[in-house]
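# Residue-level structure breakdown
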Amino acid sequence: MKMSLTDPFLLTPAEAAAADRETDASGIPIFHLMQQAGFAVAAEALRHFAQAERFVVLCGPGNNGGDGFVAASALRRAGANVSIHLAGRPEELTGAARLAWLEAQTPAQSFSSYQPHPGDVIIDAIFGAGLSRDVPPEVTDLITRVREVGCPVLAVDLPSGIDGLTGQVRGAAFQAQRTVTFVARKPGHVLMPGRIYCGEISLAPIGMPTRIARRHARTVSVNDPRAWKAAINVQQGDTHKYKRGHLAVFSGGPSHTGAARMTASAGLCAGAGLVTLASPPDATLVNACAMTAVMVREIADLQDLKMWWASGKISAAVIGPGFGVGEGLRSYVHASAARPMVLDADAITAFAERPDELFALAAGSEPRQILTPHEGEFARLFPDLAADKTIGKLERAKRAAERAHAVIVYKGADTVIAAPDGRLLINENAPAWLATAGSGDVLAGIAGANLAQGIPAFEAAAAAVWLHGEAGNKAGVGMTAEDLIRHIPAALEDLLSWCRL
Ligand SMILES: NC(=O)C1=CN([C@@H]2O[C@H](COP(=O)(O)OP(=O)(O)OC[C@H]3O[C@@H](n4cnc5c(N)ncnc54)[C@H](O)[C@@H]3O)[C@@H](O)[C@H]2O)[C@@H](O)CC1
Ligand SMILES: Nc1ncnc2c1ncn2[C@@H]1O[C@H](COP(=O)(O)OP(=O)(O)O)[C@@H](O)[C@H]1O
Ligand SMILES: [K+]
C-alpha cells in the first residue's frame, strides 16, 4: 500500500469522523476502511518489527480497537504469534468494530491480565481520534507496565492518550516507536508533545476518496509553501531595490544594539531591497561601526519617526528586539499603527499591562501587524487564553489573532501561525537547534522583509517561519543566530524554486 506524508492537509478528529460518515454514505462502508487500516498496520508491523517474538494487540472499545482486531487477524494469517487484550467485554462492541471482532474469531484477554515481556511488540489500538477525556486508570497502569519493560509500541492512528486535536497528553500516553495513521494526519501528530509521542509516522490512504477527505479538511494545514506560494513575489529581471521594499528596524540603546542588528541583517538576506536600522542618537556610532549593507539612520524621537513614515520611503518595520520595554516603545507603536509591522520581544512585553490598547490600534483594517510571541510572551499578552487548559495551542492562537486583529506567530518547536479570519498553519520544519539566543530576532527580520515586499501579513509570517526552519536545517546543529542569517539566501533559493514550479 502506498504511504506518503507529502500532503499538507490535516483532519481534526471531528473532521475525520465526518469524512468517515460521508464515505460510508457514498457506498464505501466504514468496515471496508477499517479493514484497509488494519492491513496497513499489520504490514507496518511485519516490515519494521520482524524481530518480534509476539505481537500483543491492545484493543479499545471503539473503531481504533476495530483496526486492532483486523491487524491481529492479518498478523496471525501471516504466521505471527499474536495475543489480543481487550478493554471491557466483547459483547459491548458495536458497529464496524463488532464486525471486526467477529471476523477475528479469537479469544481475548483483559488488559489487567497482560504482563509485558521482552520480545513483545505492542500494537496500541486502544484509543485513536475518538479519545474524549483522560485515559482510565487501567490504561495508565498498562502504559506504565509497558514502559517499564521497554517493549516497542506501534500506535494505530495515534498513541493512546494523545489528543488528536491538541497533541496534549490526556493523563498518560504510550511513547510509540512508530505510528500508522490513515487518510491524513491529525493536528495532534504535528503539535507538541504529540509529535514526539508518535515516533516515526506513516500515512495509509485506506481507500477514502481524496475529494471527500479534502472537503472536510477546513481547519488547519501544515505550513508548507503550497499554502502561500502564490503570494510570494518571484523576482523578475526588471526589479530594483525600491521595488523590493524598504524595511526599518528599530535599535535599542547603546548597550542593546545586537538584537536589532541581527534582525536588520536577516531582513536584508531575506530579500528586502533596503534595510535601515533606526537608531537612537547615543547608539548611532556603535550601530554605524557594525553595519555595512544595512543603513543606519538617527531617529531621536517621535517627531523624527512621524516624519520618516510621512516621507513614504518605508514599506514596513520591525520593532521590539532589544528595544527596551517602556512608554517610548509604546509611543513608537502608536505612531506606526497603520503600517505593516512585526512586533516582537519587548514590543509584546511593553503591552502586557494594557493589551487592549495594542489590539485597538489594529482594529477595523486588513491585518498588517505580525505578533511573534513565544510561550512566555503569549501568556503576558493573552493570560486568560494561556491559562485555559481546556483548549490547545491551535485554539489559543486562533482566538488571540481574532482578538488582536493581527497575525499571531505563536513560536515554539510547533510554531502556529494564525490569522484573524481563522486561517491556521502548524510549522514542522524547524530543527531543535533553532532554540538559540537571537533566533527569534532573525525570524522577525525575515517576516519584516516579507512585509516590506508587499506580501500580506499571514503569508508573510508563514513564509518567514518556513524560511527560518529551512535556514536552520541548512546551518545545522551547533549554529548560532549569525550562522542562521548566512543560510537564509540558500533557503530562499529553495523557496523560489518551489514558487517557480
Ligand atoms: N477515516 C479514518 O481515519 C478511519 C479511522 N478508523 C479508526 O477509527 C478510530 C476512531 O474511532 P472512534 O471514533 O470509535 O474512536 P476511538 O476508537 O478512538 O475511541 C472511542 C471510544 O473510546 C471511548 N473513549 C474515548 N475516550 C475515552 C477515555 N478517556 N476513557 C474511556 N473510554 C474512552 C469512547 O466512548 C468510544 O467508545 C480512528 O482513530 C481510527 O483508528 C478506521 O477504523 C476507519 C477509517
Ligand atoms: N525545540 C525547538 N525546535 C524548533 N524550533 C524551536 C524550538 N524552540 C524554539 N524554536 C524556535 O526558535 C525561535 C526562538 O525564538 P525566541 O524564543 O524569541 O528566542 P530569542 O529571544 O532567543 O531570539 C523561534 O522561532 C522558535 O519557534
Ligand atoms: K491508538
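Residues numbered from 1 in each chain as written. Chains lettered and ligands numbered in written order. Predicted model: local features only at pLDDT ≥ 70, side-chain atom pairs only at ≥ 80, totals over all residues. Heavy atoms only, no water.

In the nomenclature of an unreviewed UniProt entry, the chain corresponds to Bifunctional NAD(P)H-hydrate repair enzyme from the organism Rhizobium helianthi. Checking UniProt for the chain, the heading Subunit (unreviewed entry) contains the comment "Homotetramer." (UniProt positions renumbered as here; feature names shortened; annotations may be inferred.)

Moving on: the site of ligand 2. Taken together, 18 residues sit near ligand 2, with Lys-411, Gly-412, Thr-415, Pro-431 and Gly-440 positioned nearest. Within the backbone of Gly-412, a nitrogen or oxygen atom sits 2.9 Å from an oxygen atom of ligand 2. At 3.2 Å from an oxygen atom of ligand 2 is found a main-chain nitrogen or oxygen belonging to Ser-439. No other element matches the 4 residues that helix 18 (residues 439–452) contributes to the shell around ligand 2. Of the residues assigned to the shell around ligand 2, the class counts are 8 nonpolar, 8 polar and 2 charged. (Near = heavy atom within 4 Å. Polar contact = N/O pair within 3.5 Å; in protein donor to acceptor, adjacent residues only side chain to side chain. Helix = DSSP H or I, 4+ residues; strand = E, 2+ residues; numbered from the N terminus. Nonpolar A, V, L, I, M, F, W, Y, C, P; charged D, E, K, R; others polar.)

Let us now look at the domain arrangement of the chain. Reports of interface size often rely on the accessible area that becomes lost once the parts have come together. The domain boundaries assigned to the chain delineate domain 1 (13–221) and domain 2 (242–500). Here the C-alpha centre of domain 2 lies 41 Å away from the C-alpha centre of domain 1. Listed by partner, the interface residues are 11 residues for domain 1 and 12 residues for domain 2. Together domain 1 and domain 2 conceal approximately 970 Å² of surface at their shared face, both sides included; 62% is due to carbon and sulfur atoms. The largest share of the area that domain 1 buries against domain 2 comes from Leu-191, Arg-195 and Ser-221, three residues that together contribute 42% of it. For the interface between domain 1 and domain 2, the tally reads 1 salt bridge. Between Glu-428 and Arg-185 there is a salt bridge whose closest N-O contact spans 3.0 Å. The tally of links between domain 1 and domain 2 comes to 6 residue pairs in polar contact (both at pLDDT 80 or more). Residue classes in the side of domain 1 that touches domain 2 are distributed as 6 nonpolar, 3 polar and 2 charged. (Domains from an automatic or database assignment. Contact = heavy atoms within 4.5 Å. Buried area = accessible area lost by both parts, 1.4 Å probe. Salt bridge = Lys/Arg side-chain N within 4 Å of Asp/Glu carboxyl O.)

Membership of the largest hydrophobic core comes to 54 residues, with the highest contact counts inside it found for Trp-228, Leu-247, Val-249, Ile-370, Ile-417, Val-442 and Ile-446. Of the residues forming this core, the biggest block, 11 residues, is contributed by helix 19 (residues 457–475). With residues near it in sequence (within four places) discarded, Val-442 still touches Ala-266, His-468, Ala-481, Leu-484, Ile-485 and Ile-488. (Core = buried A, V, L, I, M, F, W, Y, C linked by side-chain atoms within 4.5 Å. Buried < 20%, exposed > 50% of the residue type's maximum accessible area, 1.4 Å probe, protein only.)

The final tally for this structure, using the stated rule, is 8 aromatic pairs. Taking the centre distance of 5.6 Å and the plane angle of 70° together, the rings of Phe-250 and Tyr-332 count as edge-to-face. With Phe-250 in strand 9 (residues 246–250) and Tyr-332 in helix 12 (residues 327–335), this residue pair connects regions lying 82 residues apart in the sequence. Through a chain of ring-to-ring contacts, the aromatic side chains of Phe-250, Trp-308, Phe-323 and Tyr-332 assemble into a single cluster. Here the basic side chain of Lys-393 rests over the ring of Tyr-410, its NZ or CZ set 4.7 Å away from the ring centre. (Phe/Tyr/Trp six-rings, centres within 6.5 Å; stacked < 30°, edge-to-face > 60°. Lys NZ or Arg CZ within 6 Å of the ring centre and 35° of its normal.)

A cis amide bond, omega 0°, links Met-192 with the succeeding residue Pro-193. Its place among the elements puts Pro-193 in the loop between helix 6 (187–190) and helix 7 (194–198). Phi at Ala-345 takes a positive value of approximately 45°, unusual for a residue other than glycine. Among the structural elements, Ala-345 can be located in the loop between strand 13 (341–343) and helix 13 (346–349). The residue His-405 is not glycine, and still its phi comes out positive at about 55°. Among the secondary structure elements, His-405 is positioned in the loop between helix 17 (393–404) and strand 15 (407–410). For His-405, a relative accessible area of 28% puts it in the partly exposed group.

Direction vectors running N to C along helix 19 and helix 21 (residues 488–500) enclose 120°, while the axes themselves pass 8 Å from each other. What the angle tells us is that helix 19 and helix 21 run oblique. Crossing handedness for the pair helix 19 and helix 21: right-handed. Contacts between helix 19 and helix 21 involve Trp-466, Leu-467, Glu-470, Ala-471 and Lys-474 from the first element and Ile-488, Ala-490, Ala-491, Leu-492, Asp-494, Leu-495 and Trp-498 from the second. For the contact of helix 19 with helix 21, the class distribution of residues is 9 nonpolar, no polar and 3 charged. (Axes fitted to C-alpha atoms, helices over the stretch in contact; angles between N-to-C directions. Parallel < 35°, antiparallel > 145°, perpendicular 65-115°, else oblique. Left-handed = near helix turned anticlockwise from the far one by under 90°.)

This brings us to the coordination of the potassium ion (ligand 3). Surrounding the potassium ion (ligand 3) are the protein donor atoms Asn-64 (OD1), Asp-124 (O), Phe-127 (O), Val-156 (O) and Leu-158 (O), at 2.5 to 3.0 Å. Within one chain, the residues serving as donors to the potassium ion (ligand 3) are arranged as N-x59-D-x2-F-x28-V-x1-L. A residue pair is termed long-range when its members are at least 10 positions apart, and Asn-64 in helix 3 (residues 63–77) and Phe-127 in the loop between strand 4 (120–125) and helix 5 (137–149) qualify at 63 residues. With relative accessibility at 9%, the residue Asn-64 sits in the buried group. (Donors = N, O, S within 2.8 Å, 3.2 Å for Na, K, Ca; no water.)

Moving on, we come to helix 3. Its 15 residues give helix 3 an end-to-end C-alpha distance of 21 Å, which sits within 8% of 21 Å, the value for a rise of 1.5 Å per residue. Taken as a whole, helix 3 has its buried residues at Asn-64, Gly-65, Gly-66, Asp-67, Gly-68, Phe-69, Val-70, Ala-71, Ala-72, Ser-73, Ala-74 and Leu-75. Looking one or two residues past helix 3, Gly-79 carries a phi angle of roughly 95°, positive in sign. (Expected span 1.5 Å × (residues − 1).)

Right, let's talk about the sheet that holds strand 2 (residues 82–86) for a bit. Judged by pairing direction, the sheet is parallel, and its 7 strands sit side by side in the order 3-2-1-4-5-6-7 without closing on themselves. For this open sheet the edge positions go to strand 3 (109–110) and strand 7 (200–204), each flanked by a neighbour on one side alone. Bridge analysis of strand 1 (residues 54–59) against strand 2 gives 5 bridges, and the strand direction is parallel. Residue pairing for strand 2: Val-56 is matched across the bridge by Ser-83. Against the sheet, helix 2 (residues 30–48) contacts strand 1, strand 4, strand 5 (153–156), strand 6 (178–182) and strand 7, and its axis sits at roughly 155° relative to strand 6. (Pairing = 2+ DSSP bridges.)

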